[in-house]
Amino acid sequence: MRIIVLLGAPGSGKGTQAAVLEERLGIPHIATGDLFRAAAAEGTPVGEQAAAFMARGELVPDGVTIAVLEERLNRPDAARGAILDGFPRTRAQAQALDQTLERRAARIDRALYIEVPSEDLAERLSGRWICQVAGHVYHQTAHPPKVPGICDIDGSPLIQREDDRMETIQARLARQLGALAEVVDYYRQRGVLRAVDGRRPIDEVSAALLAVVDVAPAGDG
C-alpha cells in the first residue's frame, strides 16, 4: 500500500495537483472534507459521529477522523494506496496517522509539499471576484473580466466577498501556516518530505511532483 500525503496552503494549487497525481498513480485522492460528507451520507457509525460534530459546527476529533479514514482505506480502490489531502493538519495527527498505518503494515511513502510564499498565497486568494447576479467567478490575474468590474456573461457588477479580501485572507493564512509548518517539519524529520516550488506553471509543478514519486509525466517515452 502506497500512502502519499499532499501538503500545501490554501491557494497553493493542491487541488489541481491532486487530480493529476490521482490519474497518473491510479490511486484515489482522499480529501478529508469529502470523506466526512460521504461517510455521513452512508450512515456508518463513525460517519454518524463525524456528522454530529459537523452539524454542531465543531471540529471532528482526531480519533473519529482516523476511524473514518481507516474505513475508506479498506475499500477495494484503495488496496494499492491513496493520496491524502487535508489530513494530517497537526503534528499530533501526523503521529496518530503513522501509528494507524503501522498497524496495517503500511507507512507514508512520500509527503509532497507544494511550497508557495505567504505573500504569493495572499495575492492568489485575494484576487477572486464574483458577479452579483449569478455568481460567475473571475480572478484579477488568472481569469480577469474583459471590462474591469463587469461580468462578461451578464454585464452585472463584480463584487468581492468578505472572505476574499486581503486582510481577511492574511489573518486566515497566519492561523493555518503555523500548523502546516509543524506537519512539514515532522515529515522532514521522518525523511519522507519532498518540496516543490508551487510558483512555477501548473504543468511544471505536476512534472516535479511526478518525478518525486517516480512517475514520468504524460507524453514521456
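Structure report, in brief. (Residues numbered from 1 in each chain as written. Predicted model: local features only at pLDDT ≥ 70, side-chain atom pairs only at ≥ 80, totals over all residues. Heavy atoms only, no water.)

**Some words on the sheet that holds strand β2 (residues 29-31)**
Here's step 1: Pairing in this open sheet of five strands is parallel, and the strands run β2-β3-β1-β4-β8 from one edge to the other. Two strands lie at the open edges of the sheet, namely β2 and β8 (193-197), each paired on one side alone. Looking at each pair of strands side by side, their axes are set apart by 25° on average, direction ignored.
Here's step 2: Taken together, the five bridges between strand β4 (residues 108-115) and β8 define a ladder with parallel strand orientation. Within the sheet, the bridge partner assigned to Y113 lies in β8 and is A195. (Pairing = 2+ DSSP bridges. Helix = DSSP H or I, 4+ residues; strand = E, 2+ residues; numbered from the N terminus. Axes fitted to C-alpha atoms, helices over the stretch in contact; angles between N-to-C directions.)

**A short note on the pairing of strand β1 (residues 2-7)**
Here's step 1: With respect to burial, β1 is a largely interior element, five of its six residues being buried.
Here's step 2: Where β1 and β4 come together, five bridges link them in parallel fashion. Its bridge partner being in β4, L6 is matched across the sheet by L112. (Buried < 20%, exposed > 50% of the residue type's maximum accessible area, 1.4 Å probe, protein only.)

**Here's the deal with the sheet that holds strand β7 (residues 158-159)**
The strands making up a sheet are joined through hydrogen bonds of the backbone, oriented either antiparallel or parallel.
Here's step 1: Spatially, the three strands line up as an open sheet ordered β6-β5-β7, and their pairing is antiparallel. Both edges of this open sheet fall to β6 (137-139) and β7, since each of them pairs with a single strand only.
Here's step 2: As paired elements, strand β5 (residues 128-131) and β7 share two bridges and run antiparallel to each other. Paired with I130 across the two strands is I159, which belongs to β7.

**A look at the pattern of salt bridges**
Should their charged atoms come close, side chains of opposite charge can pair.
Here's step 1: Going through the model one piece at a time under the given rule, you end up with 14 salt bridges.
Here's step 2: For K14, the salt bridge identified is with D85, shortest N-O distance 2.4 Å. Of this pair, K14 sits in helix α1 (residues 14-25) while D85 sits in strand β3 (residues 81-85); the two residues are 71 residues apart in sequence, bridging distant segments of the chain. Considered together, K14 and D85 belong to a single accessibility category, that of buried residues.
Here's step 3: If you follow the salt bridges from partner to partner, you end up with E70, R103 and R104 in one network. (Salt bridge = Lys/Arg side-chain N within 4 Å of Asp/Glu carboxyl O.)

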